[in-house]
Amino acid sequence: MIKWKTVDDYDYRNKVTLLRVDINSPIHPGTKKIVNENRIHKSAPTIQKLLDKGTKLVIIAHQGDTLDYENLIPMEEHAQKLNQYINGSIRYIDDPCGPAAQEEIRKLKAGEGLLLGNLRYLTEETSTFENVVKLKPELMEQTYLVRSLLPLCDYYVNDAFSAAHRNAPSMAAFQRLLPTAAGELMCREVEALDQIIESPDHPCLFVLGGAKISDAFGMMKQVLETGKADKILTCGVTGEIMLMAKGYSLGEKKELFIRERGLDRFVQEARQYLDKYPQKIDYPVDVVYERSGERCTLDIDELPKSELFMDIGEKTIEHYRREIIQAKTIFVNGPAGAYENPLFERGTKEVWEAIAAAKGYSVIGGGDTVSAAQRYINLDDIGYVCTAGGAMVRYVSGTKLPLIEAMDGAQSKG
């Protein structure tokens, strides 16, 4: 149950509401146009509700960062996309909080909306600043963003769970200073994940793949120790680390690939989980590599072999499919293999088809996970598709997130 105030708990009419959303979207490297507007679409219901309540709506958001500078662009197209999903009009000004933005806020009338310029134009909102300076929320009150917008606003609403792991002023400061509510998307995201980590129907199954194995191992520890997971199916690099932990040699090429990325540090942790929870963790029993343009399958008993393994084999696929069909709760993060290559897409494709056909409640999230799912199934066949990636992983892993702590603090103040 959501314990925070929601957008239905205040009277916003003729008041200025500051709404933080996460509409950070994939951008085409050449045209600099939005290529996936999923987050924009999902942010629209909260925007519509606030406009319908007669508020003067000020929307703040980011696009890109210092770590992906090529995507740090103006957000005029984001406003245009939002207007396709709402009954009303969102204006745009390419200024995040300066004098021009402040003047436009003062001009707002009830039921009108304004998207301000990219928050990442501000040093204090970038990941580099966050990682180096490490401001506490009380010190964020003195940042340019807060000092500029606070005097103009009456309420603060956060609908940006997908950025919940970011300790930035736009995410964690205004809760200390304004009456605060959670947006509709924020509530749905948290409720879906809480269903997984607090009261899942059993058997509860986790499918953990992809290349970001730090995410997988963070979740693995939490769900195994708390007993939430009845079974974890590992694939991708996570599955290969499990094979190494079981004592298999993957061969020169694959083990070099793993060492060069520093992923071999997870082998000892994997060994501990396999020793402590041997019946709860499954790993591939066959793997796939390319030879002369053909898909070749190798049983793990035939290892080592000096090849780059890029998918799970047919025996593993069939075993995982049976586990998925029987599960009542399914959580997925990461594809089973290098699905972008047709030679190596079978594992990912058939795992997704099994999840779509399963009767259990399923939750997926993360950019690569959702992209893979979209390729092979109708997302309407998934119980909930989370807009978050890193925030979702950290939340499921039991990590305290800056946004959640800030929202809890706002609730405790009343």
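Check the entry above for the structure.
Residues numbered from 1 in each chain as written. Predicted model: local features only at pLDDT ≥ 70, side-chain atom pairs only at ≥ 80, totals over all residues. Heavy atoms only, no water.

Caption draft 1: Representation of the overall build of the chain in the model. Across its full length, the chain carries 17 helices and 15 strands. For the chain, the C-alpha atoms occupy an extent of roughly 70 × 45 × 40 Å along the three principal directions. The buried share of the chain, taken over its 414 residues, is 57%. Accessible area of the chain: about 17,500 Å², with a carbon and sulfur share of 47%. For the chain, the centre of its 51 positive side-chain charges and the centre of its 60 negative side-chain charges are spaced 3 Å apart. (Helix = DSSP H or I, 4+ residues; strand = E, 2+ residues; numbered from the N terminus. Buried < 20%, exposed > 50% of the residue type's maximum accessible area, 1.4 Å probe, protein only. Areas by Shrake-Rupley, 256 points an atom, 1.4 Å probe, with all protein chains shown as cover. Lys, Arg positive; Asp, Glu negative; His and termini not counted. Charge placed at Lys NZ, Arg CZ, Asp CG, Glu CD.)

Caption draft 2: Seen up close, the packing of aromatic side chains. For the structure shown, the criterion picks out ten aromatic pairs. Taken together, a centroid distance of 6.3 Å and an interplanar angle of 25 degrees make the contact between Phe217 and Tyr273 stacked. Taken as a pair, Phe217 in helix H9 (residues 213-225) and Tyr273 in helix H12 (residues 267-276) lie far apart in primary sequence, 56 residues in all. Considered together, Phe217 and Tyr273 belong to a single accessibility category, that of buried residues. Members of the aromatic cluster, connected to one another through ring pairs, are Tyr10, Tyr12 and Tyr155. For Lys42, the ring lying beneath its charged end belongs to Tyr384, and the centroid distance is 5.0 Å. Lys254 extends its terminal NZ or CZ atom over the ring of Phe257, reaching a point 4.7 Å from the ring centre. (Phe/Tyr/Trp six-rings, centres within 6.5 Å; stacked < 30°, edge-to-face > 60°. Lys NZ or Arg CZ within 6 Å of the ring centre and 35° of its normal.)

Caption draft 3: Broad picture of the packing of helix H13 (residues 314-326) against helix H14 (residues 346-357). Following both chains from N to C, one finds H13 and H14 inclined at 15 degrees, their axes separated by 9 Å at the closest point. Overall, the two elements H13 and H14 adopt an arrangement that is roughly parallel. In this structure, H13 meets H14 at a crossing whose hand is right-handed. Of the residues in H14, those in contact with Glu314, Ile317, Arg321, Ile324 and Ile325 of H13 are Arg346, Gly347, Glu350, Val351, Ala354, Ile355 and Ala357. Looking at side-chain class alone, the contact of H13 with H14 contains seven nonpolar, one polar and four charged residues. (Axes fitted to C-alpha atoms, helices over the stretch in contact; angles between N-to-C directions. Parallel < 35°, antiparallel > 145°, perpendicular 65-115°, else oblique. Left-handed = near helix turned anticlockwise from the far one by under 90°. Contact = heavy atoms within 4.5 Å. Nonpolar A, V, L, I, M, F, W, Y, C, P; charged D, E, K, R; others polar.)

Caption draft 4: Quick look at the pattern of salt bridges. Overall, the coordinates contain 25 salt bridges when judged by the stated rule. Salt-bridge contacts for Asp65 lead to Arg166; the nearest nitrogen and oxygen are separated by 3.6 Å. Placement of Asp65 in the loop between strand E2 (56-60) and helix H2 (76-83) and of Arg166 in the loop between strand E5 (155-159) and helix H7 (169-172) is noted, with a sequence separation of 101 residues between them. Take Asp65 and Arg166: they sit in the same class, and that class is buried. Via salt bridges that share partners, Asp8, Lys49, Lys53 and Glu184 belong to a single interconnected network. (Salt bridge = Lys/Arg side-chain N within 4 Å of Asp/Glu carboxyl O.)

Keep in mind that these numbers describe shape and distance, not what the molecule does.
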